[in-house]
Every structure is written in structure tokens, then in C-alpha cells.
Amino acid sequence: METPKIALQKIDKAPQTLRDIVQARMREAIIDGHFAPGERLVERPLCEQLGVSRTVIRETIRFLEAEGLVEIIPNRGPIVARLNWDQAKQIYDVRLQLEGAAAAACAGAQDSAFGRKLTNALKALETSMQDTRWADLLQATTRFYELIFLQAGHTIAWEIVQRLNGRISRLRALTLAARDRETPGLSHMTAIHDAILSGDADAARQAVAAHISDAANTAYRFLNAPDAKVTNA
């Protein structure tokens, strides 16, 4: 007699490993400016502060190096990566091409179910802007863009964006904190949302271009200021 097979219960969200938690906390600390650009990341104090082994810290540092948030300097060890305008400009150029194409394609491929998801993501983004934690805001922003890329079918492009996500988040933290932006970030995101849901591919691409141009101009002013102290850039 055959033993009946029992259906496996779907895992809605995989539990975070210790390494995942440490990576998230270190990433947030760098983006928040707790560790300044150029500051050494010394293993022993990090182990003591986080209550983890040196192996976990070393794995985390290697992971953050791959994200572009940490640099390994010969004879000095790991430091928080510095960010200059030349690097920032390249990131904005990549975002312009990938996000513009994804938004345009998404405008022609969206449906009512997707519209509800994108609207909910925009509302979550607006709510997170009232929060004091950068992590919540950056996570909500990432979710908004993830929906657009996946609905557009631009999965490879999203993988590229994910690899740049650490540096993109540093720039977002910088520009979202700025008070001299021509248009608030949420207004730009709303324009992208509205253009996509209206099915207007050209308007969606233009909304992305306006958003990135404004953010890039803000980053340029900050990163090129003579007395700029990039604490959370």
C-alpha cells in the first residue's frame, strides 16, 4: 500500500540567517553615515558590537565589497568606500537607461492587478517617508521599482540594478535628505506611477528621466561642494 504524499507547505518568506541580519545592519549603518566614507572597519569592535564571530564579519565585509560599499586597501584593510561625482554620474546613467526602458515597457504591459500592486507600493513609499529609519524608505523604494522591472519582463536588467543597489541606496539617502531639490522625490515617483498606469510609454520614460535628472543634479551639487562632508552619501 502506497503511503499518501503530503503536500509541502509553501514558505512565504525564508527566515533570515545570522549573516543576512549582520549584512542588513552593516549596510544600513553605512548608508546612515554611522560609518563615514574612508573609515576603517575593524573586525574586533564589530564582533563585539554585533555579538558575532570574525567569520561572519569577514563574510559580511566581502559581501558589502561586492555591493561597492566597502573597499579593501592593501596594508590597511577594509574601509567604507568613498563616493565621488564620477562614480555617481555613471550610476545615474545606468539607472536612466534601465529604469526608463522598464517603465516604458511596463506601461504597455500593465493590467488592473498590477495597477493595484503599484498603487499600494506607492502608498507604502509615502508612509515610509514619515519614518525615521532609512532602511524602511529604501526598502519601499526598491519594492516600487522591482514591481516595474518584473512586470516589464526586464529580469536581467533588475539583476544589474540589484548589484548596484548598495551604491544606489547611498545616493538615494543623500538626495532624499536634500532640501534644495526642484521637485520632491515622492512627486517624481507619483508621476512615474501615473504615467505607467495611463499606458503612456513615452510619458513613463520622460517621468523617469525627470526624476533621475533632478536626483543627479542634487547629488552633483553636494558631491562637488568645496566643504562637502559625505556622511550618508
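This write-up is about the structure you can find in this document. (Residues numbered from 1 in each chain as written. Predicted model: local features only at pLDDT ≥ 70, side-chain atom pairs only at ≥ 80, totals over all residues. Heavy atoms only, no water.)

Here we come to the nonpolar core. Within the largest apolar cluster, 47 residues are counted, with the highest numbers of intra-cluster contacts made by Tyr92, Phe144, Ile148, Phe149, Leu171, Ile192 and Ile196. Among the secondary structure elements, those contributing two or more residues to this core are α4 (85-107), α5 (112-128), α6 (134-152), α7 (155-163), α8 (165-177), α9 (185-197) and α10 (201-223). Counting residues per element, this core draws most heavily on α6, which supplies ten residues. One finds Val22, Leu46, Leu64 and Val70 within the second-largest nonpolar core, a separate group that totals 16 residues. (Core = buried A, V, L, I, M, F, W, Y, C linked by side-chain atoms within 4.5 Å. Buried < 20%, exposed > 50% of the residue type's maximum accessible area, 1.4 Å probe, protein only. Helix = DSSP H or I, 4+ residues; strand = E, 2+ residues; numbered from the N terminus.)

Attention shifts here to the packing of α4 against α10. For the pair α4 and α10, the least separation of the axes is 8 Å and the interaxial angle reads 165°. Relative to α10, the element α4 is oriented roughly antiparallel. Considering how the two elements wind past one another, α4 and α10 form a crossing that is right-handed. From α4, Trp85, Ala88, Tyr92, Arg95, Leu96, Glu99, Gly100, Ala101, Ala103, Ala104 and Ala107 reach across to α10, where they touch Ala201, Ala204, Arg205, Val208, Ala209, His211, Ile212, Ala215, Ala216, Ala219, Tyr220 and Leu223. For the contact of α4 with α10, the residue count by class is 18 nonpolar, two polar and three charged. (Axes fitted to C-alpha atoms, helices over the stretch in contact; angles between N-to-C directions. Parallel < 35°, antiparallel > 145°, perpendicular 65-115°, else oblique. Left-handed = near helix turned anticlockwise from the far one by under 90°. Contact = heavy atoms within 4.5 Å. Nonpolar A, V, L, I, M, F, W, Y, C, P; charged D, E, K, R; others polar.)

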